[in-house]
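Single-letter residue listing:
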Amino acid sequence: MTGTTMTGTTMPGTTERPEIVVGIDPAGDWRLPVAWAADQAERRRSALRLAVSVPPPRDTQHVDDTPRLQAQTLAGRNALAAAAAWAHERRPGVPVTTVLLGGNPAQVMTRLSEGAAMVVLGSRRPSRTEGLLGTGSPVVPVTAQARCPVAVVGDAGHATRAPSHLVVEVDGSESSRAALAFAFEEARLRGCELRTVAVGRPPVLAGRPGRAPLFRSGRQRLTDATLAWAERYPEVPLTHEVTAGPPVEALAEAAEHAPAVVVGRRGRGGCTGTRVGPVVRGLLHRARCPVVTVPRG
């Protein structure tokens, strides 16, 4: 069964644009990620693909694993039907397909990221040692290895403020440039302000010499990094913020009421598929808004 399509349904409508793929957890609350993804699909004129992955049979010689597989397959079908109806009710014009696959969830979602516009996952905000970073969660492996941007959505307590602003980290790296390109287009689609953030580490004592040059260089870095993009997207209001301290805390604070925070992903996940940088890993735990991680181009 691993890696094979078990069932699939399609709602009316066609699109030539890349799909937005949403990982559905039948045991979790999929409504927030599905709603977020449906809104994205309408803005981008894309289709939605809702996916459930049923883990492969357990390697055991003494226990029949068939009942578990049957139960999870049924739960997956039910969740997909409910999620498709939910998405269609929210955004009737967005084409929706569903697919039930067999295989490791992280591997399945990574494979579905090929050619996708975005992968959207939910998070139940588990502890640091379980759930999100545990072997059963696809969040970190998919974020680390997906070929397209990955959005992790799932804080019911998060609320945006009007007028809203999108937050993107700028650190001069190649991955940061990819995140900046994504962020400008996302801000255009949302019709919101884009706030670029550069985070530095000043001297321990604020009064020591060197703090002012740190902020001047940070602002110049933001100006240089966004110059061409600002000319390409003149309709996007742009602000720069230079701050000092731990990057995760600074970005999470800047994005407290933002629709999303965008960061670049360095590397390709490594052989274990769980290698994401400390900023991405920290934001997956700390940020209250959706976290969008963009791979290098």
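Calculation notes
Residues numbered from 1 in each chain as written. Predicted model: local features only at pLDDT ≥ 70, side-chain atom pairs only at ≥ 80, totals over all residues. Heavy atoms only, no water. Helix = DSSP H or I, 4+ residues; strand = E, 2+ residues; numbered from the N terminus. Contact = heavy atoms within 4.5 Å. Areas by Shrake-Rupley, 256 points an atom, 1.4 Å probe, with all protein chains shown as cover. Polar contact = N/O pair within 3.5 Å; in protein donor to acceptor, adjacent residues only side chain to side chain. Axes fitted to C-alpha atoms, helices over the stretch in contact; angles between N-to-C directions. Parallel < 35°, antiparallel > 145°, perpendicular 65-115°, else oblique. Left-handed = near helix turned anticlockwise from the far one by under 90°. Nonpolar A, V, L, I, M, F, W, Y, C, P; charged D, E, K, R; others polar. Expected span 1.5 Å × (residues − 1). Buried < 20%, exposed > 50% of the residue type's maximum accessible area, 1.4 Å probe, protein only. Core = buried A, V, L, I, M, F, W, Y, C linked by side-chain atoms within 4.5 Å. Phe/Tyr/Trp six-rings, centres within 6.5 Å; stacked < 30°, edge-to-face > 60°. Pairing = 2+ DSSP bridges.

Engineer: I'm lost on the overall build of the chain in this one. Help?
Structural biologist: Each helix and strand counted, the chain has eight helices and 11 strands in total. Long-range pairs, those at least 24 residues apart, make up 82% of the contacts in the chain between residues at least 6 apart in sequence. Summing over all exposed atoms, the chain offers an accessible surface of approximately 14700 Å²; the carbon and sulfur share of this is 51%.

Engineer: Whenever I open this one, the side chain of Arg44 confuses me. Can you help?
Structural biologist: Mapped onto the elements, Arg44 comes out in helix H1 (residues 31-44). Within the structure, Arg44 has its side chain in polar contact with the side chain of Glu186 (distance 2.7 Å). For Arg44, the contacting residues outside a window of four places in its chain are Arg17, Ile20, Met118, Phe182, Glu186 and Leu189.

Engineer: I keep staring at the packing of helix H7 (residues 247-254) against helix H8 (residues 278-286) and nothing clicks. Help me out?
Structural biologist: Working note: a packed helix pair is described by the angle between its axes plus the distance between those axes. Close contact between H7 and H8 brings their axes to 9 Å; oriented N to C, the two are set at 45°. Relative to H8, the element H7 is oriented oblique. The chirality of how H7 crosses H8 is right-handed. Contacts between H7 and H8 pair Pro247, Val248, Glu249, Leu251 and Ala252 from the former with Pro278, Val279, Gly282, Leu283 and Arg286 from the latter. Classifying every residue of the contact of H7 with H8 by side-chain character gives seven nonpolar, one polar and two charged.

Engineer: Just to check I follow, could you spell out unusual backbone geometry for this structure?
Structural biologist: Phi is positive for Arg45, close to 55°, though the residue is something other than glycine. Here Arg45 lies in the loop between H1 and strand S3 (48-54).

Engineer: Would you mind going over helix H2 (residues 66-90) with me for this structure?
Structural biologist: Residue pairs three or four apart in sequence face the same way in an α-helix, which turns once every 3.6 residues. For H2, with 25 residues, the first-to-last C-alpha span of 36 Å sits near the 36 Å given by 1.5 Å per residue. Where H2 is concerned, the buried positions are Arg68, Leu69, Thr73, Gly76, Ala79, Leu80, Ala83, Ala84 and Ala87.

Engineer: Got a minute to help me understand the nonpolar core in this structure?
Structural biologist: Soluble globular proteins tend to pack their nonpolar side chains together in the buried interior. One finds Ile24, Leu48, Leu50, Val120 and Val262 to be the most contacted residues of the largest nonpolar core, which totals 48 residues. Per element, the largest residue contribution to this core is seven residues, and it comes from helix H5 (residues 174-190). Beyond its immediate chain neighbours, meaning those up to four positions away, Leu50 contacts Val22, Ile24, Leu80, Ala83, Ala84, Val96, Thr97, Thr98 and Val99. Residues Ala144, Leu251, Ala287 and Val291 belong to the second largest nonpolar core, which totals 39 residues.

Engineer: Looking at this model, I keep getting lost on the packing of aromatic side chains. Mind explaining?
Structural biologist: By convention here, two paired aromatic rings are described through the distance between centres and the angle between planes. Going through the model one piece at a time under the given rule, you end up with four aromatic pairs. Geometrically, the ring pair formed by Trp30 and Trp86 is edge-to-face, given 6.2 Å between the ring centres and 85° between the ring planes. Here Trp86 lies in helix H2 and Trp30 lies in the loop between strand S2 (20-23) and H1, a separation of 56 residues in the sequence. Pairing Phe184 with Trp229 gives two aromatic rings, centres 6.2 Å apart and planes at 20°, and the pair type is stacked. Taken as a pair, Phe184 in helix H5 and Trp229 in helix H6 (residues 211-232) lie far apart in primary sequence, 45 residues in all. Exposure remark for Phe184: the relative accessible area of 0% places this residue in the buried category. Here Trp229 falls in the partly exposed class, since its relative accessible area comes to 23%.

Engineer: What should I look at first to understand the pairing of strand S10 (residues 261-265) in this one?
Structural biologist: Note on strand geometry: in a regular strand, side chains alternate between the two faces of the sheet. The element S10 is extensively covered by neighbouring structure, given that five of its five residues are classed as buried. Pairing between S10 and strand S11 (residues 291-295): five bridges, direction parallel. What sits directly across from Val261, in S11, is Val291.

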